[in-house]
Structure formats: structure tokens, C-alpha cells
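What follows is each chain in one-letter form.
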Amino acid sequence: LAAAALFVFGVVCLVVPIRFDLPGAAELQPVARRNVFASTSGVVSEVHVDTGDVVNEGDDLLTLRNTELNVQIKDLEGRLSVANEQILDYERQLLRSGTATPQERARWGSELASLRKQTENYTTQLKLLGERKKELTIRSPIAGEIVTWDARRLLRNRPVTPGQVLLTVADPKRDWELLIHMPEDNMGYISDHQQIRPTDLEVTYILATDPGQKH
């Protein structure tokens, strides 16, 4: 009888499926979310938003300060101002050059052409630096909500480099997804199930803010 009972128990274990749960930490996040990157180097001088703030696409999020860039702009503006004053001086000399020799007039014309070329170069450089200065104001790529935790304290006076993630903006009004961080040792069970029965797996999750309720 004992052998028969053991045999029946073994058959039942092989034939009757039982529930097999795999636990893992998870994150419930909106599908529509975008990371906000720094496109230039600098120090965060102003944080216009904080965690939970609702923003529209294009709203100002952060303002960076780049001392080196400001110095370059001031230096070029000074050079451009000096060059423009010199151009005015040479133009006046050419207008009043009734007694000047042809050699003097030729020299003044050559200097004038050189100065005009310099002003063109300075203007082009200032335009490029102006584009870089615009990048110091970081704007929201999408409409949504700031989900970075303690964003204002985290970013204030913080030095940043190009490509660094500063904030995350998500749209909670659209679809959400559950990202499960499954331990590698358990992934074999999931792979086996998908090969034998390629259907969606049932997932039960508990929110950290509401641990008494299963979803």
C-alpha cells in the first residue's frame, strides 16, 4: 500500500501542474518617457522644476553656467568692436584722402579689406558660440511629469558633461509598463516556458506605496 501510494503521488506530481512563482524586483513606468541629456558642459545654475512638476514640450527645465564660454563671447565681442572702429577710421581716411599718395590709398584699402574679413570671421564665431549658449538652457523633449527623485536638490550647482542624463520626463496619462528585474538564475524557467507554451505569463505585482493590494 505504501509503494502504491508513493507511485500515485509520483504520477500526480508529474501530471498535475502546480503554481510556480518567480519573484523579482520591478518598476512600473509610463511607456512615454524621455531622458533629458546635457548637450554641453557647465554647472547647473538654475533648476526650474522639481519632482512631480507637470511640464509641456519645450518648457525650460535647467539653466547651465559656462564661464569659459562667456569669456570667449566677451573676448570676441571686444575684438569685433575694435575692428569695426578701425574700419570706420580707414573709411574716413579714404574719404578725406585728397592729398594722399596712391601708395597710401592702396595700403589703406588693403587694411580695410583685411579688417572686413576679420569682422566676418568674428561674426561667424560669435554665431557659433551663440548656438552653444542656447544649449545652456535645457528644455523638456515631451509633455509630461518630472519623475527624477528629488530633482532640485540633486541638480543644483552640479557640474555636468555632454551626454550626461540629468532628468527623466514621463507622460503618466498614456500606457504604462512593468519592468521586472529577474535574477539570471530564474531566466531558464521563463525561456523553457516560452519555448513549450509561447503565451503571455501571468504577473502579479505589489506597489511599494500600497503593499496590501495585489494587482
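Residues numbered from 1 in each chain as written. Predicted model: local features only at pLDDT ≥ 70, side-chain atom pairs only at ≥ 80, totals over all residues. Heavy atoms only, no water.

Notes on the nonpolar core
Quick note on the threshold: Note on terminology: a nonpolar core comprises buried Ala, Val, Leu, Ile, Met, Phe, Trp, Tyr and Cys residues joined through side-chain atoms within 4.5 Å. A simple rule labels every residue: compare its accessible area, found with a 1.4 Å probe on the protein chains alone, to the largest value its type can have, and call it buried under 20%, exposed over 50%, or partly exposed in between. Comment: elements are numbered from the N terminus, with helices defined as DSSP H or I runs of at least four residues and strands as E runs of at least two. Throughout, a contact is declared for two residues whenever any of their heavy atoms are within 4.5 Å.
The biggest cluster of nonpolar side chains holds 27 residues, and the ones touching the most others in it are L61, L62, I146 and L167. Put simply, the parts of the chain that give this core at least two residues each are β3 (42-47), β5 (60-65), α2 (67-95), α3 (102-134), α4 (151-155) and β9 (165-170). Here the element with the most residues in this core is α2; it accounts for five residues. The contacts of I146, once residues within four sequence positions are left out, are V49, D50, T51, G52, D53, V55, L61, A151, L167, T168 and V169. Counting five residues, the second-largest nonpolar core is a separate cluster that includes I87, Y90, W108 and L115.

Section: a nonpolar patch on the surface
For clarity, the threshold we go by: Put simply, a patch holds well-exposed residues, over 30% relative accessible area, that have no salt bridge, with like charges counted together within 9 Å and Val, Leu, Ile, Met, Phe, Trp or Tyr side chains within 5 Å. Residue burial considers only the protein chains on display, and all accessible areas are found by Shrake-Rupley using a 1.4 Å probe. Salt bridges are defined as contacts in which a side-chain nitrogen from Lys or Arg sits within 4 Å of a carboxyl oxygen from Asp or Glu.
Taken together, the side chains of F7, V8, V11, V12, L14, V15 and V16 make up a nonpolar region of the molecular surface, amounting to roughly 690 Å² of accessible area. Along the polypeptide, V11 turns up in helix α1 (residues 2-15). According to the relative accessible area criterion, V11 is partly exposed, its value standing at 35%.

Details of the side chain of T119
Structurally, the position occupied by T119 is in helix α3. Here T119 is in contact with L80, A83, N84 and I87, once residues within four sequence places are set aside.

Here's the deal with the environment of E131
Tracing the backbone through its elements, the reader meets E131 in helix α3. Spatially, the C-alpha atoms of E131 and T101 are 45 Å apart, while their sequence positions differ by 30 residues.

A few points about the sheet that holds β5
Hydrogen bonds between backbone atoms are what pair the strands of a sheet, whose relative direction is either parallel or antiparallel. Put simply, the rule reads: Should DSSP find at least two bridges between two strands, the strands are taken to pair.
Across the sheet, which stays open at both edges, the four strands sit in the order β6-β5-β3-β8 with antiparallel pairing between neighbours. Single-partner strands in this sheet number two, and they are β6 (137-139) and β8 (159-160). Note: β5 against β6, three bridges, orientation antiparallel. Bridge assignment links D60 to a residue of β6, and that residue is R139.

Looking at the sheet that holds strand β2 (residues 33-37)
The antiparallel open sheet is built from four strands, whose spatial order is β2-β9-β7-β4. For this open sheet the edge positions go to β2 and β4 (54-55), each flanked by a neighbour on one side alone.

Things to note about α3
Rule in force here: Working rule for helices: expected span equals 1.5 Å times residues minus one.
Helix length check: α3, at 33 residues, gives a terminal C-alpha distance of 48 Å against a target of 48 Å (1.5 Å per residue), a fit within 8%. In this structure, the buried residues of α3 make contact with α2.

So, the pairing of β5
When β3 meets β5, the two strands line up antiparallel, connected through four bridges. Its bridge partner lying in β5, V43 is registered against R65.

Some words on the packing of aromatic side chains
The condition is simple: Stacked, tilted and edge-to-face pairs are distinguished by plane angle, under 30 degrees for stacked and over 60 for edge-to-face with tilted covering the rest, among Phe, Tyr and Trp rings (Trp via its six-membered ring) whose centres lie within 6.5 Å.
Under the defined criterion, the tally for this structure stands at one aromatic pair. Aromatic side chains F20 and Y189 sit 5.1 Å apart centroid to centroid with 80° between the ring planes, which places their arrangement in the edge-to-face category. Within this pair, whereas F20 is found in the loop between α1 and β1 (25-30), its partner Y189 is found in helix α5 (residues 187-196), the two being separated by 169 residues in sequence. Classification of F20 as exposed rests on a relative accessible area of 53%. Take Y189: its relative accessible area is 47%, and that puts it in the partly exposed class.

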